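If you want the building blocks of each chain, they are given just below.
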Amino acid sequence: MTVFAQLSDLHLDGGEHRLERARRVMARLNAMPLDAVLVTGDIADHGDPAEYAQAREVLESPHPVLMCPGNHDVREPYREVLLGEAPAAAPIDRVERVAGVLVAMCDSTVPGEDHGSLSEGTLAWLDRVLGEHRAGPAIVCMHHPPVPLGIPYVDEIRLFGEEGLAGLLARHPQVVAVLTGHAHTPAATTFAGLPQVVAPGVVSTLRLPAEAAEVIDPAAPPGAALHVLDAGRLTTHFRTF
């Protein structure tokens, strides 16, 4: 049994309010016996180096922390401050093997835009790393959901060109799920015949149109998803803190 925590959409802005919410979540996750913590984007709110310095501090953990950027992130300071690498504008794609599970963290951002897309380079990279790891299960993570979720504000800026990803996943049956953020709401659906799970937002929660006229609920508590992978089956539990 492997247990991953997933958090998303911290939107750290240099202030104390959002930092306290993120600290609250991480304090609880750090006390759990997890195999890794997955962070699916929008770590910073404006992509400023000072925001990434906050993130570097708050995301400190005894567990491996795997990250991918979101549409509010900026690749150059993200690389320099969070990853300790030279700044560069290329997609930030990373892969790790945790407890026998391949976790692919894909960059679905389009610089300067809010919607998402996977570049040809990212798709080729993902196809290659999945092809090199066929013996065990794999999880694919990115910021933007590749399907509509019923929240018009989010659906207008979801991942587009998803057909390429769907075709790629069909070639790799060891993939057990696609995990995303971006929507600031705990949600579960399907994509390409796989579970597609959306993590809650740390900074806020977005409501469905049927719930309220106001889309954003900044008072809802921050949350995270706990993913239990057992015998190739993913079970997700949502928690608020």
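Structure shown above.
Keep in mind it's a predicted model, so treat the numbers as computed, not measured.

Scoring rules and cut-offs
- Residues numbered from 1 in each chain as written.
- Predicted model: local features only at pLDDT ≥ 70, side-chain atom pairs only at ≥ 80, totals over all residues.
- Heavy atoms only, no water.
- Salt bridge = Lys/Arg side-chain N within 4 Å of Asp/Glu carboxyl O.
- Buried < 20%, exposed > 50% of the residue type's maximum accessible area, 1.4 Å probe, protein only.
- Helix = DSSP H or I, 4+ residues; strand = E, 2+ residues; numbered from the N terminus.
- Arc of directions from axis to C-beta.
- Contact = heavy atoms within 4.5 Å.
- Axes fitted to C-alpha atoms, helices over the stretch in contact; angles between N-to-C directions.
- Parallel < 35°, antiparallel > 145°, perpendicular 65-115°, else oblique.
- Nonpolar A, V, L, I, M, F, W, Y, C, P; charged D, E, K, R; others polar.
- Patch = residues over 30% accessible without salt bridge, like charges linked within 9 Å, V, L, I, M, F, W, Y side chains within 5 Å.
- Areas by Shrake-Rupley, 256 points an atom, 1.4 Å probe, with all protein chains shown as cover.

Here we look at the pattern of salt bridges
Inspection of the entire model under this criterion finds 12 salt bridges. Across the salt bridge formed by E85 and R79, the nearest N and O atoms sit 3.5 Å from each other. Judged by its relative accessible area of 31%, E85 is partly exposed. Residue R79 is classed as buried on the basis of its relative accessible area of 7%.

Some points on helix α6 (residues 162-170)
Of the positions making up α6, those classed as buried are E162, L165, L168 and L169. In an axial view of α6, the angular spread of the buried residues amounts to 120 degrees, which keeps them on one side of the axis. Exposed residues pointing more than 90 degrees away from the buried face of α6 are listed as E163 and A170. Each element contacted by the buried residues of α6 is listed here: α4 (120-131), β6 (138-141), β7 (175-180), β8 (187-191) and β9 (194-198).

Concerning unusual backbone geometry
We note that D9 has phi near 60 degrees; this positive angle belongs to a residue other than glycine. The residue D9 is located in the loop between β1 (2-7) and α1 (16-30) in this model. By relative accessible area, which is 0% here, D9 ends up buried. Positioned with a positive phi, H182 is a non-glycine residue whose angle comes to about 75 degrees. Note on placement: H182 falls in the loop between β7 and β8. Judged by its relative accessible area of 6%, H182 falls in the buried class.

A closer look at the packing of α4 against α6
α6 packs onto α4 with a crossing angle of 10 degrees between their chain directions and a minimal axis gap of 10 Å. Between α4 and α6, the angle is such that the two are roughly parallel. Here L123, L126, D127 and L130 of α4 lie close against α6, whose contacting residues are G164, L165 and L168. Considering only residue class, the contact of α4 with α6 consists of five nonpolar, one polar and one charged.

Notes on a nonpolar patch on the surface
Residues Y153, V215 and I216 make up a contiguous nonpolar surface patch of about 280 Å² in total accessible area. By the element assignment, I216 lies in strand β11 (residues 216-217). When its relative accessible area of 48% is taken as the criterion, I216 is described as partly exposed.

Observations concerning helix α3 (residues 75-83)
Given 3.6 residues to a turn, an α-helix orients residues that are three or four positions apart in the same direction. When α3 is considered as a whole, its buried residues turn out to be R75, P77, Y78, R79, V81 and L82. The inward-facing, buried residues of α3 abut α2 (49-58), β3 (65-68) and β4 (94-98). G84 sits one or two positions beyond α3 and adopts a positive phi of about 70 degrees.

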